[in-house]
Amino acid sequence: MLRAGSAVTCIACMNLLPSRMGVKFRVPLQKLHPLSRAIQHRYSSNNNQQRPPHCSAARHYTSLSRLPMRPHKSRSGGHGYQQHRSFWVARLAARLLKLRYILLGSAVGGGYTAKKTYDEWKDMFPDMSQYTWIVPDFVWELSENIDLDKLASALPELEKIAKLLPDMEKIGENFTFLKSLLSTETTGESTLRVTDVPPTSAAMSDSSDKQFKKSYDKEKIDQLQEELLRTQSKYQRMLERLEKENKELRKVVLQKDEKGIHQRNVKKSLIDMYSEVLDILSYYDSNYNTQDHLPRVVVVGDQSAGKTSVLEMIAQARIFPRGSGEMMTRSPVKVTLSEGPHHVAIFKDSTREFDLGKEEDLAALRHEIELRMRKSVKEGQTVSPETISLSVKGPGIQRMVLVDLPGVISTVTAGMAADTKETIFSISKAYMQNPNAIILCIQDGSVDAERSIVTDLVSQMDPQGKRTIFVLTKVDLAEKNLASPSRIQQIVEGKLFPMKALGYFAVVTGKGSSNESIDSIKDYEEDFFQKSRLLRDGMLKAHQVTTKNLSLAVSDCFWKMVRESVEQQADVFKASRFNLETEWKNNYPRLRELDRNELYEKAKNEILDEVISLSQVTPKHWESILQKKLWERVSTHVIENIYLPAAQTMNSGTFNTTVDIKLKQWTDKQLPHKALEVAWETLQEEFARFMAEYKGKDQDDIFDKLKEAVKDESIKRHKWNERAMDSLRVIQHNALEDCSITDKPQWDAAIQFMEETLQSRLKDTDSIIADMVGPDWKQRWLSWTNRTPEQHIRNETKNELERVLKLHEDHTAYLANDEVTTVRKNLEARGVDVDPVLIKDTWHQLYRRHFLQKALLHCNLCRRGFYYYQRHFVDSELECNDVVLFWRIQRMLAITANTLRQQLTNTEVRRLEKNVKEVLEDFGEDTEKKVQLITGRRVQLAEDLKKVREIQEKLEAFIEALHKEK
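Keep in mind it's a predicted model, so treat the numbers as computed, not measured.

About the cut-offs
- Residues numbered from 1 in each chain as written.
- Predicted model: local features only at pLDDT ≥ 70, side-chain atom pairs only at ≥ 80, totals over all residues.
- Heavy atoms only, no water.
- Helix = DSSP H or I, 4+ residues; strand = E, 2+ residues; numbered from the N terminus.
- Buried < 20%, exposed > 50% of the residue type's maximum accessible area, 1.4 Å probe, protein only.
- Contact = heavy atoms within 4.5 Å.
- Areas by Shrake-Rupley, 256 points an atom, 1.4 Å probe, with all protein chains shown as cover.
- Pairing = 2+ DSSP bridges.
- Axes fitted to C-alpha atoms, helices over the stretch in contact; angles between N-to-C directions.
- Core = buried A, V, L, I, M, F, W, Y, C linked by side-chain atoms within 4.5 Å.
- Phe/Tyr/Trp six-rings, centres within 6.5 Å; stacked < 30°, edge-to-face > 60°.
- Lys NZ or Arg CZ within 6 Å of the ring centre and 35° of its normal.
- Disulfide = S-S within 2.5 Å.
- Parallel < 35°, antiparallel > 145°, perpendicular 65-115°, else oblique.
- Left-handed = near helix turned anticlockwise from the far one by under 90°.
- Nonpolar A, V, L, I, M, F, W, Y, C, P; charged D, E, K, R; others polar.
- Polar contact = N/O pair within 3.5 Å; in protein donor to acceptor, adjacent residues only side chain to side chain.
- Salt bridge = Lys/Arg side-chain N within 4 Å of Asp/Glu carboxyl O.

Caption draft 1: Here's a closer look at the overall build of the protein chain. The number of helices and strands found in the protein chain is 36 helices and nine strands. Taken across its 966 residues, the protein chain has 41% of its residues classed as buried. A separation of at least 24 residues holds for 80% of the contacts in the protein chain among residues at least 6 apart in sequence. For the protein chain, the exposed surface amounts to about 56700 Å²; the carbon and sulfur share of it is 52%.

Caption draft 2: A look at the sheet that holds strand β3 (residues 344-347). Ordered by their spatial adjacency, nine strands build an open sheet running β4-β3-β5-β2-β6-β1-β7-β8-β9, and the pairing between neighbours is mixed. Only two strands of the sheet have a single neighbouring strand rather than two, namely β4 (354-355) and β9 (503-506). Both strand β7 (residues 438-444) and strand β8 (residues 468-473) contribute to a ladder of six bridges, which runs parallel. Paired with I439 across the two strands is T468, which belongs to β8. In the packing of helix α13 (residues 307-315) onto the sheet, the strands contacted are β1 (297-301), β2 (333-339), β5 (388-394), β6 (400-404), β7 and β8, and the crossing angle to β6 comes to about 160 degrees.

Caption draft 3: Local environment of the nonpolar core. In terms of nonpolar packing, the biggest core is built from 99 residues, with Y643, W666, W747, I889 and V916 touching the most fellow members. Among the elements that line this core, the one with the most residues is helix α34 (residues 881-925), at 17 residues. Here V916 is in contact with I607, L608, V611, F687, V710 and S714, once residues within four sequence places are set aside.

Caption draft 4: Here's a closer look at the pairing of β8. Within β8, six of the six residues are buried, leaving the element largely enclosed by the surrounding structure. Burial along β8 is two-sided: the residues T468, F470 and L472 and I469, V471 and T473 are all buried. Pairing geometry for β8 and β9, over four bridges, is parallel. Residue V471 lies in a different strand from β9, and its bridge partner there is F505.

Caption draft 5: Up close: the pairing of β2. Along β2, six of the seven residues are buried, which leaves the element largely enclosed by surrounding structure. As defined by bridge partners, β2 adjoins β6 across five bridges and the pair is classed as antiparallel. Considered in β6, the bridge of K334 is made with V403.

Caption draft 6: Geometry of the packing of aromatic side chains. For the structure shown, the criterion picks out 14 aromatic pairs. Judged by centre distance (4.9 Å) and plane angle (50 degrees), the ring pair of W584 and Y588 falls under tilted. As far as burial versus exposure is concerned, W584 and Y588 are alike and both buried. Here the aromatic cluster, defined as three or more aromatic residues joined through ring pairs, consists of W631, Y643, F753, F851 and F886. The cationic tip of R372 hangs over the ring face of F347; the distance from NZ or CZ to the ring centre is 4.0 Å. Over the aromatic face of Y600 sits the side chain of K930, whose NZ or CZ is 5.6 Å from the ring centroid.

Caption draft 7: Looking closely at the state of the cysteines. Scanning the model with the defined rule gives one disulfide in all. Here C862 engages in a disulfide with C880; their sulfurs sit 2.0 Å apart. What sets the handedness of the C862 and C880 disulfide is the S-S torsion sign, and at about -100 degrees it is left-handed. Placement of C862 in the loop between α32 (836-861) and α33 (866-870) and of C880 in the loop between α33 and α34 is noted, with a sequence separation of 18 residues between them. Each member of the pair, C862 as well as C880, is classed as buried.

Caption draft 8: Focus on the packing of helix α23 (residues 619-647) against α34. In the contact formed by α23 and α34, the axes pass within 8 Å of each other and the chain directions differ by 140 degrees. Overall, the two elements α23 and α34 adopt an arrangement that is oblique. Helix-helix and strand crossings are classified by hand; for α23 and α34 the assignment is right-handed. Considering only residue class, the contact of α23 with α34 consists of 17 nonpolar, five polar and three charged.

Caption draft 9: Fine view of unusual backbone geometry. At S304, a position not held by glycine, the phi torsion is positive, near 65 degrees. Position of S304 relative to the elements: it lies in the loop between β1 and α13. Phi angles above zero are rare outside glycine, and K474 is one such case at about 55 degrees. Among the structural elements, K474 can be located in the loop between β8 and α17 (475-481). On the accessibility criterion, K474 (23% relative accessible area) is partly exposed.

Caption draft 10: Molecular detail of the environment of R891. Within the secondary structure, R891 is located in helix α34. Under the relative-accessibility criterion, R891 is labelled partly exposed at 28%. The spacing of R891 and A735 is 156 residues in sequence and 6.7 Å in space, taken between C-alpha atoms. In this structure R891 touches N734, A735 and D738, once residues within four positions along its chain are discounted.

Caption draft 11: Representation of the side chain of R296 in the model. Relative to the elements of secondary structure, R296 occurs in the loop between α12 (270-282) and β1. The exposure class assigned to R296 is buried, which follows from its relative accessible area of 8%. From its side chain, R296 meets the backbone oxygen of L294 in a polar contact 2.8 Å long. Once residues within four sequence positions are removed from consideration, R296 is found in contact with Y274, L278, V401, V403, N434, N436, A437, I438 and F558.

Caption draft 12: The pattern of salt bridges, seen in detail. Taken as a whole and assessed by the stated rule, the structure comprises 43 salt bridges. In this structure, the salt-bridge partner of R849 is D766, at a minimum N-O distance of 3.9 Å. Placement of R849 in helix α32 and of D766 in helix α28 (residues 744-773) is noted, with a sequence separation of 83 residues between them. When the shortest N-O distance is used, the salt bridge between K964 and E960 registers 3.9 Å.

Caption draft 13: Local environment of the packing of α28 against α32. The interhelical angle for the contact between α28 and α32, taken along N-to-C directions, is 155 degrees, at an axis separation of 9 Å. It follows that α28 is roughly antiparallel to α32 by the angle criterion. Along this stretch, α28 crosses α32, giving a crossing that reads as left-handed. Residues I751, M754, E755, L758, Q759, R761, L762, T765, D766, I768, I769 and M772 of α28 form the contact with α32, whose own contacting residues are T842, Q845, L846, R848, R849, L852, Q853, A855, L856, C859 and N860. For the contact of α28 with α32, a count of residues per class yields 12 nonpolar, six polar and five charged.

As structure tokens, this is what we get:
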């Protein structure tokens, strides 16, 4: 180890030290960069004269060169000078070697300094691996569609770009050097102050140093916290700028569908595939205890705690209806958040897109959600378990599925159903009991924590807090109202509530105005937390605040839960599918697995075929049926109200006049209406007949209820043409006015029609009389039956009235009062007490039979009366006006049947076919109606099979896409 005096300077070090760099103060060796340590040494005239400083640089390079130190030059001549002249070549070689080592050491020191500076700057940047989610999936696939080599060749060379950048190594060296100089100067001054203190004041100096150290440490901590906050805000602004630029880039890339970069309509996003599975599961009711355990984010909280506001901040749009203190969320709302080029919302069962960037579309969306909520609530209820499915897409939105539930209440107020509180609890429990559901527990920070109800409910469903995220809302009001801000710290650290959670967050969702935009709320939230003492004093950590951090955390937790549980759920549904297929094979081996919709389509085709078959009915068949049914409907009126009263007249002129008047009245009021009724009933019967005939052709009995309902509803909707009645009335009136029988066949046909009608009526009348008087002596002996007391009275009355008819064969249709009295007295004389009303009733039936018997005799006489009819019954005692009446009735029936047949085939059958199609379309759109009309274990089993297969296929496709994304 060589030493030199204080006045002697190391020549090697002086040669290395730049001449322009004047150092007039001491620099500690450990404070300098490695290169500076290698070339600097302490040099000062104020150093201790007894121990001169070591020549560090000389020692360093001497150790590298392994050469002895050159002795001090002597200016004396003689032998030394001769030696110097002899070895000038060796000295020149040594100097060259020394220069080589100097250059080598400088290069090594500079490289090390550059590497250290690069590492320091690298550590200053945040870890950007946490933000890989910002880049969408398709960006990683751009290399497949874009020639990156061409793009790289088009870019400028890296050397040109590097020339434009500042010299980061020089900046780092200067910054570190200045920092070391400042710290050294401060240390030197404090050292001088301490050495100047007299020994007598040492104790006071120690105490003051401790106080100064404490105050200095406190100031340093405050400075570090402020610097940390500034750094966080700086990087936050940097991230926001990057996110904004990223949104614009995504929007541009997503809109380039024509270049094949992104096919929105062909390839569904991962979250959309998952949402479809959840939609199917929401309507799936399994009989094999296969429960829906797929993850979703369940948003629960007390009423008006800010659930909807948090969800809106995550969705980045004010999409939900709002109210001041009243219950607005009346049913669960499933919101599927995904990424897209445009900020839009769309319902699952609708094709309309709501542009969330337009206020009128936002208002329409809120109105539509409110209408759907009120429609889902049944009469007499306040909330509904029916789920409203909504999708929200937009640039930069985190992908997840959230379910907003009605707010938990503690008291049922006026206007609510009595079971509202229990219904809300049951709905919340139904969603939270899913072991893979993420519970987003919302707590209002502006009210006392002890008033919360939802925390106890969440603690019951997730006591370990493995899937719960706690969110404290309205922190701005909480900080303003609470006297002790540490209470907020206790809440977000999970020390105030017994509830456990995965994470705790504090957010601000605006100032309470419904007119605030999402951007203004974000700005207000950011400004609040930057100025809040909660974050400045360390009560809250930076990652625990703002809805943006909350959204990131919830999304990460959601996808982590999905990846952990989705394959297990797929296996469960695979086992359920095996059970259902086994049951079908055992119970319905020869039948196809047709679900309710497929069975409905099959029944629909069969019904339409049956309706079309109505057009194939022959005109002759229509007319025969119509004529027969119409006469059955009007025959009683013709006999009782037209023929019988006219037959009581004394001559043919009065008979014809009476008939014409009554026919005219009948045609104007009743006959057309009766005819249309008959036609409509005939159409229904034929329709039912074709359906019954089709049923025999291997028809499935499962369609019976549906076909009957379609037939009834079609008939109910069918209305006959209003003009048909007026035209039919004119046709019938003209037919009845014609009284001329042109030929003998028509005459014979009229007599046959009259005879058949009279015989049928006589048979019916005899049956009525037999029921009135009871069995005769032959039936009593053979059938061992007796008459009732009433039948005995009827029989005695009949016998007495028959004596009257024998005495007066031309008796009128009605008994006189004295005749009734005579009959009653005669019966009383034989011990039979009878009522006058019973006498008249019995007389009516007896006289009808008497009249019909006489009419049949007259009909037989008129078979040969066509000759007299042609002579208009001149000088003839044989008058057959009743035959003409029946001919007119028969002709009217034939013309009416022909007219109705034309109306049926030309108009009404087609209208019925149209009504049937409309009914089938309406039933096809009504799911509840189809469930009511197509029922049975076979249908339910096919429905379950279809749903389970669809769920399994979609889950497998989702799992495959999920693995590709990894």
